[in-house]
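The lines below spell out each chain.
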Amino acid sequence: MTLLQEAYTLMQGQSEKNVQLIVELLRTMSPKEDASDGVSSKAFRRTGLTKNMVNLPADFDEVFDALDKDVEELFHGDAL
């Protein structure tokens, strides 16, 4: 049985309410951009989260990159 066939079989046994919830979940997980609000659902490169999930400051990448030395010291100590 293919994954699609298995999903179809499982869906047939669900109530209408459960099917609505599953469809909403699939819409939420969809990688398409939401044209209504112009916000991309593409995963943010640092966190793996989409912009719909978290509101990070515009300078997040620069601040994150600036912490490289501090993170290195946490793992290796001041000896390096």
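Preceding block: the structure.
Caption draft 1: The arrangement of the packing of aromatic side chains in detail. As enumerated under the stated definition, the model contains one aromatic pair in all. Ring geometry for Phe 60 against Phe 64: centres 5.7 Å apart, planes inclined by 35°, an arrangement best described as tilted. One end of the pair is Phe 60 and the other is Phe 64, both in helix α3 (residues 60-66) and four residues apart, which spans about a single turn.

Caption draft 2: Region of interest: the pattern of salt bridges. Taken as a whole, this structure holds two salt bridges when the rule is applied. Put simply, Glu 24 and Arg 27 hold a salt bridge, and the shortest N to O gap is 3.9 Å. With Glu 24 and Arg 27 both in helix α2 (residues 16-29), this residue pair falls three residues apart, about one helical turn. Since its relative accessible area comes to 43%, Glu 24 is described here as partly exposed. Accessibility expressed as a relative area gives 59% for Arg 27, which makes it exposed.

About the thresholds
- Throughout this description, residue numbers start from 1 for each chain and increase along the sequence as written.
- The predicted origin of the model limits local features to residues at a pLDDT of at least 70 and limits the giving and counting of side-chain atom pairs to 80 or more, whereas totals for whole chains, interfaces and linings rest on all residues.
- The side-chain numbers reported here are obtained from all heavy atoms of the structure, hydrogens and water having been left aside.
- When two rings of Phe, Tyr or Trp (its six-membered ring) have centres within 6.5 Å they constitute a pair, described as stacked for plane angles under 30 degrees, edge-to-face for angles over 60, and tilted for the intermediate range.
- The secondary structure listing takes helices from DSSP runs of H or I that are at least 4 residues long and strands from runs of E that are at least 2 residues long, numbered from the N terminus.
- Put simply, a salt bridge is a Lys or Arg side-chain nitrogen that is within 4 Å of an Asp or Glu carboxyl oxygen.
- Accessible area is worked out with a 1.4 Å probe on protein chains only. A residue is then buried under 20% of its type maximum, exposed over 50%, and partly exposed in between.

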